[in-house]
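Structural features, examined
Take a look at the letters that make up each chain.
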Amino acid sequence: LIRKDNRFSHEFSTLAEIHHPTAALLLAFPARLQMQAQLKMAGALPAILSWRAALRLLLRALPAAGAREVASGEFYIAHLATHEDFRRKGVARFLLEPAEGLARSAGLTKLSLIVVPENLPAVSLYRGWGFSIAEVVHTRWFERGLRASSHYRMVKQFI
């Protein structure tokens, strides 16, 4: 199935390929699309998962429902993942450049993302790219689901 406009849609994806294998993936979109993308994703779950698995996923996500991921006027980096064979080789930095370009194209001057404080390599990467910690958010979802007590909401302002 190909579904458009959801949080994991190909429309929001940028891939980094090195000699054909996918080395990294970036999923990013303007903040104004976040709620719509979330709802479309939730609506697609029954077609992708069994009803039991979809219900379990939705119940696990409920504690995170109140957590703020992104603020108005930001371009949100929802996911940035690098294959372990390509880590610490500049691939993630390579994907942050088009994210900034996409933000500019959307008329925005801020990038934002969330990261758990325990992910020190990612926090270091984002700080080196100009992100700063805008807030520390505590949710039960992070404590139970990710075994982390909080996450950083990091923002980069550019001209």
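**Comments concerning the overall build of the protein chain**
- What the protein chain contains, in helices and strands, is five helices and six strands.
- Starting at the N terminus and ending at the C terminus, the protein chain contains elements arranged as β-β-α-α-β-α-β-α-β-α-β.
- Taking all 159 residues of the protein chain together, 40% fall into the buried category.
- In the protein chain, the proportion of contacts linking residues at least 24 apart, taken out of those at least 6 apart, comes to 68%.
- Of the roughly 9700 Å² that the protein chain leaves accessible, carbon and sulfur atoms contribute 56%.

**Examining helix H4 (residues 120-128)**
- Listed as buried for H4 are Ala122, Val123, Leu125 and Tyr126. In an axial view of H4, the angular spread of the buried residues amounts to 160°, which keeps them on one side of the axis. Every exposed residue of H4 that faces more than 90 degrees away from the buried side is listed here: Leu120 and Gly128.
- Elements in contact with the buried residues of H4: strand S3 (75-82), helix H3 (91-105), strand S4 (110-115) and strand S6 (151-157).
- Following H4 by one or two positions, glycine 130 has its phi on the positive side, about 105°.

**Re the confidence of the model for the protein chain**
- Mean pLDDT over the protein chain works out to 78, with 65% of the residues at or above the 70 mark.
- Confidence, read as mean pLDDT per element, is least for helix H5 (residues 140-145) in the protein chain (56) and greatest for H4 (94).

**Brief notes about the packing of H3 against H4**
- Where H3 meets H4, the axes come as close as 11 Å, and the angle between the chain directions of the two elements is 45°. In terms of their interaxial angle, H3 and H4 are classed as oblique. Relative to H4, the crossing made by H3 is right-handed. Across the interface between the two elements, Ala92, Arg93 and Leu96 of H3 pack against Leu125, Tyr126 and Gly128 of H4.
- Class assignment for the residues of the contact of H3 with H4 results in four nonpolar, one polar and one charged.

**Quick notes on the packing of aromatic side chains**
- Applying the stated criterion to the full structure yields two aromatic pairs.
- Both rings, one in phenylalanine 29 and one in tyrosine 76, keep their centres 5.9 Å apart while their planes meet at 70°; by these two values the pair is edge-to-face. Taken as a pair, phenylalanine 29 in strand S2 (residues 22-30) and tyrosine 76 in strand S3 lie far apart in primary sequence, 47 residues in all.
- The exposure class of phenylalanine 29 is buried, given its relative accessible area of 0%.
- For the pair tyrosine 126 and phenylalanine 131, a centre-to-centre distance of 5.7 Å together with 65° between the ring planes defines the contact as edge-to-face.
- The class for tyrosine 126 is buried, based on a relative accessible area of 7%.

Parameters at a glance
Residues numbered from 1 in each chain as written. Predicted model: local features only at pLDDT ≥ 70, side-chain atom pairs only at ≥ 80, totals over all residues. Heavy atoms only, no water. Helix = DSSP H or I, 4+ residues; strand = E, 2+ residues; numbered from the N terminus. Buried < 20%, exposed > 50% of the residue type's maximum accessible area, 1.4 Å probe, protein only. Contact = heavy atoms within 4.5 Å. Areas by Shrake-Rupley, 256 points an atom, 1.4 Å probe, with all protein chains shown as cover. Arc of directions from axis to C-beta. pLDDT = per-residue confidence, 0-100. Axes fitted to C-alpha atoms, helices over the stretch in contact; angles between N-to-C directions. Parallel < 35°, antiparallel > 145°, perpendicular 65-115°, else oblique. Left-handed = near helix turned anticlockwise from the far one by under 90°. Nonpolar A, V, L, I, M, F, W, Y, C, P; charged D, E, K, R; others polar. Phe/Tyr/Trp six-rings, centres within 6.5 Å; stacked < 30°, edge-to-face > 60°.

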